[in-house]
Amino acid sequence: MKAKKLLAGLLSLSILFASACGNKDVGPKEEAKTEEDSTSKSGKFEGKGEGLNGDVKVEITYEDGEIKDVSVVDHKETEGIADPALKQIPEKIVKEQKINVDTISGATYTSKAIIDAVKKALEAAGANTDDFMKESKEANKDGETIEKEYDVVVIGGGGSGLAATVAALEEGASVLVLEKMPTVGGSTIIAGGQYNAVDKKRQDKMPMRKDTFESVKSYYEEEAKNDLHQELMDKLKEQVAEYEKSGMENTFDSVELHALQTYRGGDYVGDLNLIYQFTKGAEESIGILEGLGVDFVDEVFTVTGALWPRTHQFVKPLTTGPIEAYMEYIGKAGDKAEIIYEAKAENLIVEDGRVVGVEAKQGNDKIIAKAKKGVVMATGGFARNKDLVKKYGIHWEGLEKLGSTNAVSATGDGIIMGEEVGANLVGMEWIQLLPVGDPKTGGMQGNISINAANQLFVNNQGKRFVAEDQRRDVLTQGLMEQDGKEMWILHDAHEYTDETVKNDFNEEIGELVKKGVAVKGDTIEELAEAMGVPVENLKATVDDYNKVVAGEKEDDFGKKLLQDSFDKGPFYASRRVPTIHHTMGGLQINEACQVIDKDGKIIPGLYAAGEVTGGIHGSNRLGGNAIPDTVVNGRIAGKSAASSK
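My aim in this report is to walk through the structure given alongside it, one point at a time. (Residues numbered from 1 in each chain as written. Predicted model: local features only at pLDDT ≥ 70, side-chain atom pairs only at ≥ 80, totals over all residues. Heavy atoms only, no water.)

### Observations concerning the overall build of the protein
As a reminder of what qualifies: Counting from the N terminus, the helices are DSSP H or I runs at least four residues long and the strands are E runs at least two residues long. Only the C-alpha atoms count toward the radius of gyration. The rule for a globule is 2.2 Å times the residue count to the power 0.38. Three exposure classes are used, based on accessible area relative to the maximum for each residue type with a 1.4 Å probe and protein chains only: buried under 20%, partly exposed in between, and exposed over 50%. Residues are treated as being in contact if the distance between any of their heavy atoms lies within 4.5 Å.
Within the protein one finds 16 helices and 21 strands. For 645 residues, the compact-globule formula gives about 26 Å, and the C-alpha radius of gyration of the protein, at 25 Å, lands near that figure. Across its three principal axes, the protein shows a C-alpha extent of roughly 80 × 70 × 45 Å. Within the protein, the fraction of its 645 residues that count as buried is 60%. In the protein, the share of contacts with a sequence separation of at least 24, taken over all contacts with a separation of at least 6, comes to 73%.

Quick look at the structure:
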């Protein structure tokens, strides 16, 4: 299989739902739609498979024992995300005359639904589906060596890798991207799209509760850990005094507060210099992304574990907006940019102490990719590598048994390659769990959480057990102590104003209720019955919470981010479990995103950004900090590599 030029046709984006790896038989039996009779071996036949958002319906043309055509005739999958599966899976099936084709990104709901639908259509045609379960001819084909040379080689086509690619192109460099999956996006594209950044234009439109604002002062009233910590606390104190003097009532924020919350939120483990650079860059990145054509929703909010109302959401689903914008920019670069798909990087090439390229495999072919200026490692974290999770995850028990929200590509490849050339690893023991995993898959599908200021976390006894605005590790620890390690997330019509309102994963609340992923009640009593929790307990819980929101009492759990009373029906709940979400440790980098070795020296020619790195998020990443990290440090890495810094 030869390398594919970007201009030969950019791949659309796909959602890397590794959580759909189960082997359940999806989709109902389907009747034949044929031009002759139901036993004919030729004609048009239909089948259905269960996709992410409902049935995916296909029509095949079957003649003389061959599949002549596969068409997706009806689906409810998310535009822009499911496009690669909708396009590529039918093409693969017709080209290879088999249904056991590789799914896009390894295992997506959409591609598995198409495959299952085609199988049902073949059954409707009276075909023996075993005849279409073949070994690929490519498997036994002798490979060749493909040699490439660019200014910059980027390993990984997720958010960090594409941000680095765009930045390097802006600097005039030519760039080659090696992506081991059949499409770009990585774990970034399946993230909920929450984006923390100070944004005066949007935050000025939001009122701020006095009790929420008062909590800011704790961030400059503690003992300094270092000189920069003291400097940031002093700046924040001045900003707070100015805000109070002005009598303003809009949402207060600053890059210093964001940095201090990130630093404390990670138990002071992170590198504060990297953190401060990140929070300043996050503020600037809003304009950079908008300049690339990325649209943000006008309101900001507080995603679970973010600690402050600075979370942005993209207009397009999940994180497709930035990925599409990057790909459009890269597509305009012509011969200066190339993406090779299904190319798994295996080794860094080192000459005279400098990283000068990458060895990769694509099918049976070997790729030698030389970098005249630098190599950027952007391969993501290691949440999908059970061995690494078990080795480093010393702060949690049984991590290897949990699912993950990450893409199947998050197997720590870059960490392994970096360590082989002497890179220092930092913070590897810090693995973040998220308390909003799907009970069956571990993914975040079906999570109805929208705004931490309005959500309730309730156990199977109908009682709250934690402050819903807390850090993610605190939230998850609270969940781990509940019966069955299960909880419910509750929202009311203050957030879900009607049945068409979507969660962060583009799922309508009405559809989630129909599928049984969420439950609904027009009253608190009805909701309790739907959840199967004691009615009297849930009523008492909600009554107590509403007194807190009204200011009649202090919250027993210390929740500070409060917005609306929980009193507007209908009411919704979704059952959730712990899942592995983010690995905070990885390659040590400096402020230029140069990789540091075990002796504290720079490894010439090697740069890194995103979840493959360590040192920014400390022991716990704030919710909403991951995507801006890919943008800020991806761009720094790309610019540094392009200049051979």
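### Digging into the nonpolar core
The condition is simple: Put simply, a nonpolar core is a bunch of buried Ala, Val, Leu, Ile, Met, Phe, Trp, Tyr and Cys residues held in one set by side-chain atoms that sit within 4.5 Å of each other.
Of all hydrophobic cores here, the largest spans 87 residues; its most connected members are V152, L178, Y195, L289, Y326, L348 and V375. Apart from the residues within four sequence positions on either side, L348 is in contact with I155, V355, G357, V358, V375, M377, M417, G418, V421 and L606. The next biggest cluster of nonpolar side chains, apart from the first, holds 25 residues, and it includes V101, I115, L122 and A125.

### So, the pattern of salt bridges
Convention followed: We define a salt bridge as a contact between a side-chain nitrogen of Lys or Arg and a carboxyl oxygen of Asp or Glu at a distance within 4 Å.
Under the definition given, this model contains 40 salt bridges. One salt bridge connects D116 with K120, and the closest N-O pair in it is separated by 2.4 Å. Of this pair, D116 and K120 are both found in helix 2 (residues 109-124), four residues apart, which corresponds to roughly one turn of the helix. The exposure class assigned to D116 is buried, which follows from its relative accessible area of 13%. Here K120 falls in the buried class, since its relative accessible area comes to 7%. In this structure, R202 and E290 form a salt bridge, with 3.0 Å as the shortest nitrogen-oxygen distance. Of the two residues, R202 is situated in helix 4 (residues 200-203) and E290 in helix 8 (residues 272-291); the sequence distance between them amounts to 88 residues. Here E290 falls in the partly exposed class, since its relative accessible area comes to 31%.

### Let's talk about the packing of aromatic side chains
Two measures describe an aromatic ring pair: the distance that separates the ring centres and the angle between the ring planes. Threshold: Two rings from Phe, Tyr or Trp (for Trp, the six-membered ring) form a pair when their centres are within 6.5 Å of each other. A pair whose planes differ by under 30 degrees is stacked, one over 60 is edge-to-face, and the rest are tilted.
Counting across every chain of the model gives 11 aromatic pairs. Measuring from centroid to centroid gives 5.8 Å for Y496 and Y572, while their planes differ by 65 degrees, and the two rings are edge-to-face. Taken as a pair, Y496 in the loop between strand 15 (487-491) and helix 13 (509-514) and Y572 in strand 17 (residues 571-583) lie far apart in primary sequence, 76 residues in all. Of the two residues, Y496 and Y572, both sit in the buried class. Between the aromatic rings of F566 and F571, the centroid separation amounts to 5.3 Å while the plane-to-plane angle is 35 degrees, which identifies the pairing as tilted. Taking the relative accessible area as the measure of exposure, F566 reaches 2% and is therefore buried.

### Focus on the sheet that holds strand 12 (residues 425-426)
Stated formally: When DSSP finds at least two bridges between two strands, those strands are taken to pair. The angle between two axes is taken between their N-to-C directions and runs from 0 to 180 degrees, where each axis is a line fitted to C-alpha atoms and a helix contributes only its stretch in contact.
Pairing is mixed in the open sheet, where three strands are placed in the order 12-18-21. Of all strands in the sheet, those bounded by a partner on one side alone are strand 12 and strand 21 (613-614). Bridging between strand 12 and strand 18 (residues 586-588) involves two bridges; their strand directions are antiparallel. Along strand 18, the bridge assignment pairs V426 with G586. Contacting strand 12 and strand 18, helix 11 (residues 413-420) runs over the sheet at an angle of about 40 degrees to strand 18.

### Points about the packing of helix 7 (residues 255-265) against helix 8
For the record, the criterion: Here the word oblique covers every angle except those under 35 degrees (roughly parallel), over 145 (roughly antiparallel) and from 65 to 115 (roughly perpendicular). Throughout, a crossing is termed right-handed when the near helix is turned clockwise from the far one, and left-handed when it is turned anticlockwise from it by less than a right angle. Each residue receives one of three labels: charged for Asp, Glu, Lys and Arg, nonpolar for Ala, Val, Leu, Ile, Met, Phe, Trp, Tyr, Cys and Pro, and polar for the others, Gly being one of them.
Remark: helix 7 packs on helix 8, axes separated minimally by 9 Å, with the N-to-C direction vectors making an angle of 135 degrees. Classified by the interaxial angle, the pair formed by helix 7 and helix 8 is oblique. Like other packed secondary-structure pairs, helix 7 and helix 8 cross with a definite hand, here right-handed. Here helix 7 contributes V255, E256, H258, A259, T262 and Y263 to the contact with helix 8, which in turn contributes L272, I275, Y276, F278, T279, K280 and E283. Among the residues forming the contact of helix 7 with helix 8, the class breakdown is seven nonpolar, three polar and three charged.

### Details of helix 15 (residues 535-549)
Filter applied, for reference: What a helix is expected to span follows from its residue count: subtract one and scale by 1.5 Å. To be clear, the arc concerns the directions from the helix axis to the C-beta atoms.
In a regular helix each residue adds 1.5 Å, so 15 residues correspond to 21 Å; helix 15 covers 21 Å between its end C-alpha atoms and thus fits that length. Among all positions of helix 15, only L538, T541, V542, Y545, N546, V548 and V549 are buried. Considered in projection along helix 15, the buried side chains sweep an arc of 150 degrees and stay on one side of the axis. Next to the buried residues of helix 15 lie strand 14 (456-458), strand 15 and helix 14 (524-531).

### Points about helix 16 (residues 626-642)
With 17 residues, helix 16 should reach 24 Å at 1.5 Å per residue; the first-to-last C-alpha distance of 24 Å fits that figure. Within helix 16, 15 of the 17 residues are buried, leaving the element largely enclosed by the surrounding structure. With its phi angle positive at about 55 degrees, S644 sits one or two positions after the end of helix 16.

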